[in-house]
Amino acid sequence: MPGYPNRIRELRKLKDISGVDVAEYLGITPQYLYNLEKGTRSLSTEIASKLAEYFNVSVDYLLGRSVEKSSESNPLEIPEWASAKDIADFKKMLEDDKPVMFDGVPIEGEKRQRVLDVLTGLFWEAKELNKETYGRKNNKTKDTSNDNKE
């Protein structure tokens, strides 16, 4: 199982984010990040926590102790009732790592992640409400049609 050097590099490349951008977010030099990716620097608890938050993964995943990217305690993980289409819709919503803007000003760092967390929660609430509403209409239609046949 890969350790943190491989995971940092893997997550950064997966999201197509430069090492300079990650280092800036962490408040470290690009050389320091490069040394973390090579495994020649130890990963502090603080940096591990910030990296996990930045990439939206668990610290255990980042350290190579888990193959699951999300944390068990993450309230924003994909609900059990979500269909494959729901998951695809969700991934499409998040796939573009475009800047989050407010009044033309980019929101970055922890504030950006908080906005994305809220949007994620709202996305799943809206999906669930849609399924409940749509499901009720289907059930009423089916019940009515069955009553008419008898």
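Residues numbered from 1 in each chain as written. Predicted model: local features only at pLDDT ≥ 70, side-chain atom pairs only at ≥ 80, totals over all residues. Heavy atoms only, no water.

Draft legend 1. Layout of the environment of alanine 82. Looking at the element boundaries, alanine 82 is found in the loop between helix H5 (59-63) and helix H6 (84-95). Of the residues examined, alanine 82 reaches a relative accessible area of 14% and is grouped as buried. Along the sequence, alanine 82 and lysine 127 sit 45 residues apart, while their C-alpha atoms lie 8.4 Å from each other. Other than its neighbours up to four places away in sequence, alanine 82 contacts Ile87 and Trp124. (Helix = DSSP H or I, 4+ residues; strand = E, 2+ residues; numbered from the N terminus. Buried < 20%, exposed > 50% of the residue type's maximum accessible area, 1.4 Å probe, protein only. Contact = heavy atoms within 4.5 Å.)

Draft legend 2. Representation of the pattern of salt bridges in the model. The tally for this structure, following the rule as stated, stands at two salt bridges. Between arginine 12 and glutamate 37 there is a salt bridge whose closest N-O contact spans 2.7 Å. Of this pair, arginine 12 sits in helix H1 (residues 4-14) while glutamate 37 sits in helix H3 (residues 30-38), and the two are 25 residues apart along the sequence. Taken individually, arginine 12 and glutamate 37 each receive the classification buried, so the pair is uniform in this respect. (Salt bridge = Lys/Arg side-chain N within 4 Å of Asp/Glu carboxyl O.)

Draft legend 3. Up close: a nonpolar patch on the surface. Taken together, the side chains of Met93, Val118, Leu119 and Leu122 make up a nonpolar region of the molecular surface, amounting to roughly 340 Å² of accessible area. Examining the composition of the nonpolar patch, we find that three residues originate from one element, helix H7 (residues 109-149), more than from any other. Secondary-structure assignment places valine 118 in helix H7. You can call valine 118 exposed: its relative accessible area is 52%. (Patch = residues over 30% accessible without salt bridge, like charges linked within 9 Å, V, L, I, M, F, W, Y side chains within 5 Å. Areas by Shrake-Rupley, 256 points an atom, 1.4 Å probe, with all protein chains shown as cover.)

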